[in-house]
Amino acid sequence: MAKKTKLTDEQLVKMYAEGNNEAFDILLKRHQERIFNYIMRIIKNEDIANDIFQETFVKAILTIKQGRYTENGKFPAWISRIAHNLIIDNFRQEKSENHQSADIDDVDILNRKELCEATIEDVLVSDQIREDIKHLIQELPPLQREVLNMRYYQNLSFKEIASMTGVSINTALGRMRYAILNLRRIAEEKDIVLTA
């Protein structure tokens with residue numbers, strides 16, 4: 001590993017694309033502080049910053065693994081751009097959630113589904129979806145099931161999951177990615193709809 005830490009970012013990306021997970025761990029350690037501080041400076045909310053930070057590296061992993069990363073000797077700028085775009089997405093999402101135009105006469109802002117009590121049908125559908133998801137999760141491989149439960153049901157960060165399971169953050173992120181892909185595949189095979 002000591003020798004690998006002397007490699008350039010581009011060499012590490014190439015090694016990771018070829019299946020060497022340790023190479024991505026080195027990239028993560030090399031850039032995590034700078035990227036997290038950049039996100040935190042703009043977001044100013046540690047929980048949201050952590051989510052954006054994790055999503056940044058998940059996107060990086062997916063892009064590299066799919067062979068869509070173009071080598072240009074500027075990995076730090078590339079990973080920063082991913083973080084920047086996710087920060088913008090976050091602000092857009094917040095703005096759309098908090099903004100309702102007063103110019104639209106035919107919209108009653110108080111007549112919104114999320115402000116109404118759920119109908120019995122909504123409750124039954126939601127309960128059924130939760131039950132379906134529980135059954136689907138049981139069909140996942142144990143390591144994927146573990147990381148999914150820790151992330152969604154225990155609300156742990158990927159850093160906490162990695163620490164508790166004794167694996168790298170990269171491995172925890174990978175397990176989550178495969179868990180979600182497998183859930184979708186199993187739901188499709190069983191013809192289960194997971195939306196209300």
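It should be noted that the structure appears before, not after, this text.
Quick caveat: nothing in here was measured; it's all calculated off a predicted structure.

A. Looking closely at the pattern of salt bridges. Scanning the entire structure with this criterion turns up 5 salt bridges. Residue Arg151 is joined to Asp51 by a salt bridge in which the shortest nitrogen-to-oxygen separation is 3.3 Å. Here Arg151 is found in helix α6 (residues 142-153), whereas its partner Asp51 is found in helix α3 (residues 46-65), with 100 residues between them in sequence. The partly exposed category is assigned to Asp51, whose relative accessible area is 38%.

B. Helix α8 (residues 169-189), seen in detail. If you check α8, its first and last C-alpha atoms are 30 Å apart, about what 21 residues at 1.5 Å a residue would give, namely 30 Å. Where α8 is concerned, the buried positions are Ile169, Asn170, Ala172, Leu173, Gly174, Arg175, Met176, Ala179, Asn182, Leu183, Ile186 and Ala187. Following α8 by one or two positions, Asp191 adopts a phi angle in the positive range, close to 55°.

C. Region of the structure containing helix α7 (residues 158-165). Those residues of α7 that sit buried are Phe158, Ile161 and Ala162. Along the axis of α7, the buried positions cluster into a sector of 100°, meaning they face one direction only. Of the residues in α7, the exposed ones pointing more than 90 degrees away from the buried face are Lys159, Ser163 and Met164. The inward-facing, buried residues of α7 abut α3, α6 and α8.

D. Representation of the environment of Thr5. Here Thr5 is to be found in the segment before α1 (9-17). On the basis of relative accessible area, Thr5 is assigned to the partly exposed category, the value being 40%. Spatially, the C-alpha atoms of Thr5 and Ile26 are 6.4 Å apart, while their sequence positions differ by 21 residues. With residues up to four places along the chain from it excluded, the contact list for Thr5 reads Ile26 and Arg30.

Here is what the cut-offs are and how they apply
Residues numbered from 1 in each chain as written. Predicted model: local features only at pLDDT ≥ 70, side-chain atom pairs only at ≥ 80, totals over all residues. Heavy atoms only, no water. Salt bridge = Lys/Arg side-chain N within 4 Å of Asp/Glu carboxyl O. Helix = DSSP H or I, 4+ residues; strand = E, 2+ residues; numbered from the N terminus. Buried < 20%, exposed > 50% of the residue type's maximum accessible area, 1.4 Å probe, protein only. Expected span 1.5 Å × (residues − 1). Arc of directions from axis to C-beta. Contact = heavy atoms within 4.5 Å.

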